[in-house]
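Single-letter residue listing:
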Amino acid sequence: MQGLFYYSLLLQAACALGAVLAPRQNTTVACNNSPELCSRSYSNITQLGAHDSPFLVNASSNSNTFSISEAGNQNVDSIAQLSAGVRLLTAQVHNYNGAWHLCHSSCSLLDAGTLSSWLSGIKKWLDGNPHDVVTILLVNSDNAAAADLDSEFQAANIKSYAYTPPSTTTALETWPTLQDMIANNTRLVTFVASLAPSSNTAAPYLLDEFTFVFENPYNVTSPTNFSCAAERPPSLDGQTATAASSGRLPLVNHFLDQQDGLGINTPNTTYITTTNGATGVGNLQQAASDCAGVYGRAPAFLLVDFFDEGSAINIVNNLNGVAASTTGQVIPSTSSNAGITTKGTHQGWFGVTVAVSLVCYFF
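This report concerns the structure included in the present document. (Residues numbered from 1 in each chain as written. Predicted model: local features only at pLDDT ≥ 70, side-chain atom pairs only at ≥ 80, totals over all residues. Heavy atoms only, no water.)

1. Side note on the packing of helix 4 (residues 115–128) against helix 5 (residues 146–155)
Two packed helices can be described by the angle between their axes and the distance between those axes. The geometry of helix 4 relative to helix 5 is characterised by a closest axis approach of 8 Å and an angle of 45° between their N-to-C directions. By the angle between their axes, helix 4 is oblique relative to helix 5. Here helix 4 runs over helix 5; the crossing is right-handed. Counted together, L115, S116 and L119 of helix 4 and L149, E152, F153 and A155 of helix 5 form the full contact between these two elements. By residue class, the composition of the contact of helix 4 with helix 5 is 5 nonpolar, 1 polar and 1 charged. (Axes fitted to C-alpha atoms, helices over the stretch in contact; angles between N-to-C directions. Helix = DSSP H or I, 4+ residues; strand = E, 2+ residues; numbered from the N terminus. Parallel < 35°, antiparallel > 145°, perpendicular 65-115°, else oblique. Left-handed = near helix turned anticlockwise from the far one by under 90°. Contact = heavy atoms within 4.5 Å. Nonpolar A, V, L, I, M, F, W, Y, C, P; charged D, E, K, R; others polar.)

Next comes the structure, spelled out in structure tokens:
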């Protein structure tokens, strides 16, 4: 009993000391992980994108040709990506036996399940993170109609978060601020490549990507071949100045592929820390700087493979000018458990403060 008494006194002293040493919580609301972004328009920030977000290196594969380590583009699942600070998730939508699935090139290669199931997870994340704006880009591989995709969003109960701009047929001159989108609870922007806006009356929140966005080339297999030239929409291929002045948001694809023995491109994982880094040939930081110079503005989206390898998160924070004011970004500490559980550590002192508080509370 005496030992327990002294242990109690020691624990109380530790709790008191923790209360003194623990940094005070910032009461300023952070929008997309920084209070400095709240007053910025959606078009005036750079969002880190996870290329082929649901397709993981340790997921199950249906392929007899590839190993999943070749086909996957990310280490951790879409929820872990969002928690780390990724704000653009891309995926491919395919018709598989009459249902809309997320498949990597083909459902016989890698099937990540139904679109509605994936959206349900994102909806839960949005529920728990009321000060964040998320963007989804769906590659409409099998030409799903707007009504087909809308049914998936309704099944996931995520449609109430959708942002619908004043016009869906022309690029916007002015996007709302993050704070406005948060206040209106329209915190989900969804682009679809492609979906004709003139015929989309069923779900106007599903925005035709190339009405609002232009992209540089992808399928790059040499780090010396990254380019800022406009390639899509096809009508603007090679017309970079016109694309940059069109009001469309620039999306910079920055992921490096390699060809296997069959001539099929798969992610180049051996070079990933340079591709997503700040130094070396073909690095992300230089690409972002180069494209900002070409476009006359920072890229709206930087799309990468294996976002958690290299310096992609820090590079985007620096581009947004918020490196010193980010909060709540949970960086994955391991990639071996992607899609099952995701371990993470909070930047700064937050995790230490929580650990002390839990001990004190439960005692």
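2. Looking at the state of the cysteines
The tally for this structure, following the rule as stated, stands at 3 disulfides. A sulfur-sulfur distance of 2.0 Å marks the disulfide that ties C103 to C107. What sets the handedness of the C103 and C107 disulfide is the S-S torsion sign, and at about 90° it is right-handed. Considered together, C103 and C107 belong to a single accessibility category, that of buried residues. Note on cysteine connectivity: C228 is disulfide-linked to C291, with sulfurs 2.1 Å apart. Its torsion about the S-S bond being -95°, the disulfide of C228 and C291 is classed as left-handed. (Disulfide = S-S within 2.5 Å. Buried < 20%, exposed > 50% of the residue type's maximum accessible area, 1.4 Å probe, protein only.)

3. A word on the packing of aromatic side chains
Tallied over the full model, the rule gives 8 aromatic pairs. Residues F153 and Y205 carry aromatic rings whose centres are separated by 5.5 Å and whose planes lie at 65° to one another, so their mutual orientation is edge-to-face. Linking F153 in helix 5 with Y205 in the loop between strand 6 (188–193) and strand 7 (206–208), this pair joins segments that are 52 residues apart in sequence. Taken as a pair, F153 and Y205 share a single burial class, namely buried. Ring centres 5.9 Å apart and planes at 35° place the aromatic pair Y163 and W175 in the tilted group. Of this pair, Y163 sits in the loop between helix 5 and helix 6 (178–183) while W175 sits in the loop between helix 5 and helix 6; the two residues are 12 residues apart in sequence, bridging distant segments of the chain. Each member of the pair, Y163 together with W175, is buried. (Phe/Tyr/Trp six-rings, centres within 6.5 Å; stacked < 30°, edge-to-face > 60°.)

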